[in-house]
Amino acid sequence: MKFRNHTLKNGLHLVAECNDEAHSTALGFFVEAGARDETDAVAGVSHFLEHMAFKGTPTRSADEVNRRFDELGAHYNAGTSEENTVYYAAVLPEHQDAAVELLADIMRPSLREDDFDTEKQVIVEEIHMYDDQPPFGADEKARAAYFGSHPLGRSVLGTVNSVTELPVDAMHEYFRRRYSPGNIVLIACGKVDFDALVALAEQSCGHWKPFDCRRTAEPATLQAGFQAIRKEIATQQYALSLSAAPAADNPDRYAAKLLATVLGDDSGSRLYWELVDTGLAEHVSLGHSEYADAGVMTTYLSCEPDAAAANLQRILDVYRRAESDGVTTAELKQAKSKLSSRIVLSGERPRGRLFAVGSDWVYRRQYCSIEDDLAAVAGVTAEEVSAVLAKYPLSRGATLTIGPLDDVAAPK
């Protein structure tokens, strides 16, 4: 593996993990544009803009964009989160230049008003779809309850009203501010010709005009509490609990991920043996998510409605025992094996490395090889895991449950 990086004069970053032994090339434009960069008036515009990128450019129609990806045999897609929008493709190495040129082209979409009006209906239907299928928007509702008025609590999809009322001019203005080249990183992994990548980026992106696009970060005032929402069509009860955790720039994030594996992995964890193996719940898990200035531990539960209250109490009891007693050496060893395996397995394909390398650079402006991540995981001690539990207690946070019940007793 060889790490390379370069910055164009207009501020666009290029980062690559070059592996001459790889048989594919993964490429992606990582844009610092997500739900937290919006206002209530334009909620959902980042995700809407992701859709519009595939609706055509000044040089290609929507059909031509998608047909060209298919001609290259590309595995391509895009995604929007609270903090980033990513456009990516995995191709054979001989198609590197063509894929970069195509991705760069859709990064400057036409944003035609006719397409804009049509796509509004697609997104409104998407909002309704997520609200009408399990777990009925529980994730976004729980995040809104936990983060309150902070931008991280805003829905990535937006609301029916914000999307319906969004003017095309507002999208143009948002695009101008957030899609400045200094706000974008082009990541490449696998069999990469880096010199050719730089040359083509100069040709395809070097003329992009830079703008001041610094994100205004504000500390989150996290909320606690318990909320039950009735959903008549649900057959199961769903619950999400959110609590504080290390942020993306905090080295304790490795200990947090190991803690989540010990307590809430989908097999062989404390919650698994307590609730799933015993047949008390269909699913229960604990996961760590990281943002630029905040981290979240998310507990997810699905079970029969009548068992919901008792199961939430069991989860809280598991967390309190962990806070009191810590984790065992055997548990930590097993968690390290699991996490290390996931790092290696996901990194065996350039597409998997694309998101790992991209996350490291976007959040921390650093490159971490697979070996670096494995060493960081191996170096975590039981005392460090206990310190994370002490600083970020899982027993404190916000819980939301949604399902057929009018009310669910909060755990004590």
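Going by the structure above, here's the rest.
Residues numbered from 1 in each chain as written. Predicted model: local features only at pLDDT ≥ 70, side-chain atom pairs only at ≥ 80, totals over all residues. Heavy atoms only, no water.

1. Points about the pairing of strand β10 (residues 295-303)
Burial runs high along β10: 8 of the 9 residues are buried. By the bridge criterion, 9 bridges tie strand β8 (residues 237-245) to β10 in an arrangement that is antiparallel. Each bridged residue has a counterpart across the sheet, and for Ala244 the counterpart in β10 is Val296. Across 8 bridges, the pairing between strand β9 (residues 283-290) and β10 is antiparallel. Residue pairing in the sheet places His288 in a bridge with Met297 of β10. Counted between consecutive antiparallel strands, the loop separating β9 from β10 contains 4 residues. (Buried < 20%, exposed > 50% of the residue type's maximum accessible area, 1.4 Å probe, protein only. Helix = DSSP H or I, 4+ residues; strand = E, 2+ residues; numbered from the N terminus. Pairing = 2+ DSSP bridges.)

2. Let's talk about unusual backbone geometry
A negative phi angle characterises most non-glycine residues, just as the trans form characterises most peptide bonds. The omega angle of the peptide bond from Pro134 to Pro135 is 0 degrees, so this bond is cis rather than trans. Positionally, Pro135 belongs in the loop between α4 (113-132) and α5 (138-147). Of note in the backbone geometry, Leu111 takes a positive phi value of approximately 55 degrees without being a glycine. The residue Leu111 is located in the loop between α3 (96-106) and α4 in this model. The exposure class of Leu111 is buried, given its relative accessible area of 5%. Located in the positive-phi region is Arg365, a residue other than glycine, with phi close to 50 degrees. Locating Arg365 in the fold gives a position in the loop between α13 (350-364) and α14 (370-378).

3. Let's talk about the pattern of salt bridges
Following the criterion strictly, the structure yields 27 salt bridges and no others. A salt bridge links Arg353 to Glu17, with the shortest nitrogen-to-oxygen separation between them at 2.7 Å. Note that Arg353 is positioned in helix α13 and Glu17 in strand β2 (residues 13-18), a separation of 336 residues in sequence. In this structure Glu17 comes out as buried when scored by relative accessible area, which is 2%. With a shortest N-O distance of 2.5 Å, Asp360 and Arg364 are connected by a salt bridge. (Salt bridge = Lys/Arg side-chain N within 4 Å of Asp/Glu carboxyl O.)

4. Digging into the packing of aromatic side chains
One pass over the structure, following the stated rule, counts 16 aromatic pairs. An aromatic cluster is built from Phe54, Phe69, Tyr76, Tyr87, Phe175 and Tyr179, whose rings are joined through pairwise contacts. (Phe/Tyr/Trp six-rings, centres within 6.5 Å; stacked < 30°, edge-to-face > 60°.)

5. Considering the sheet that holds strand β1 (residues 2-7)
Strand order across the open sheet formed by 6 strands is β1-β2-β6-β3-β5-β4, with mixed pairing between neighbours. Each of the sheet's edge strands pairs with one partner strand only, and the pair in question is β1 and β4 (75-80). The average angle at which neighbouring strand axes cross in this sheet is 10 degrees, direction not considered. Judged from the 6 bridges that link them, β1 and β2 form a sheet pairing that is antiparallel. Within β2, the residue paired with Lys2 across the bridge is Cys18. (Axes fitted to C-alpha atoms, helices over the stretch in contact; angles between N-to-C directions.)

6. A few points about the nonpolar core
Counting residues in hydrophobic clusters, the biggest one holds 56 residues, and the most contacted among them are Leu14, Phe29, Phe69, Tyr87, Met171 and Leu197. Looking at which element gives the most residues to this core, the answer is α3, with 7 residues. Residues in contact with Phe29, not counting those within four places in the same chain, are Thr85, Val86, Tyr87, Val100, Leu103, Ala104, Met107, Ile184, Val185, Leu186, Cys205 and Trp208. Residues Leu258, Ile315, Tyr319 and Val388 belong to the second largest nonpolar core, which totals 38 residues. (Core = buried A, V, L, I, M, F, W, Y, C linked by side-chain atoms within 4.5 Å. Contact = heavy atoms within 4.5 Å.)

7. Considerations on the sheet that holds strand β11 (residues 398-403)
Taking strand neighbours across the sheet as the criterion, the 5 strands line up as β7-β11-β8-β10-β9 in an open arrangement whose pairing is mixed. Among the strands making up the open sheet, the edge pair consists of β7 (225-230) and β9. Within this sheet the neighbouring strands show an average axis-to-axis angle of 15 degrees, counted without direction. Both β7 and β11 contribute to a ladder of 6 bridges, which runs parallel. Bridging across to β11, Ile229 finds its partner in Ile402. Sitting on the sheet, α5 is in contact with β7, β8, β10 and β11, with an inclination near 40 degrees to β8. Here helix α9 (residues 253-264) sits on the sheet and contacts β9 and β10; the angle it forms with β9, its principal contact strand, is near 175 degrees.

8. Comments concerning a negative patch on the surface
Taken together, the side chains of Glu113, Asp114, Asp117 and Asp169 define an acidic patch exposed on the protein surface. If one sorts the elements of the negative patch by residue count, α4 sits on top with 3 residues. In this fold, Asp169 is placed in helix α7 (residues 168-178). Judged by relative accessible area, Asp169 falls into the exposed class, the value being 60%. (Patch = residues over 30% accessible without salt bridge, like charges linked within 9 Å, V, L, I, M, F, W, Y side chains within 5 Å. Areas by Shrake-Rupley, 256 points an atom, 1.4 Å probe, with all protein chains shown as cover. Lys, Arg positive; Asp, Glu negative; His and termini not counted. Charge placed at Lys NZ, Arg CZ, Asp CG, Glu CD.)

9. A few points about the packing of helix α1 (residues 45-53) against α7
Put simply, α1 and α7 touch, their axes get as near as 10 Å, and they point 90 degrees apart. As judged from the angle between their axes, α1 and α7 are roughly perpendicular. For the pair α1 and α7, the contacting residues are Val45, Ser46, Phe48, Leu49 and Met52 in the first and Met171, Tyr174 and Phe175 in the second. Considering only residue class, the contact of α1 with α7 consists of 7 nonpolar, 1 polar and no charged. (Parallel < 35°, antiparallel > 145°, perpendicular 65-115°, else oblique. Nonpolar A, V, L, I, M, F, W, Y, C, P; charged D, E, K, R; others polar.)

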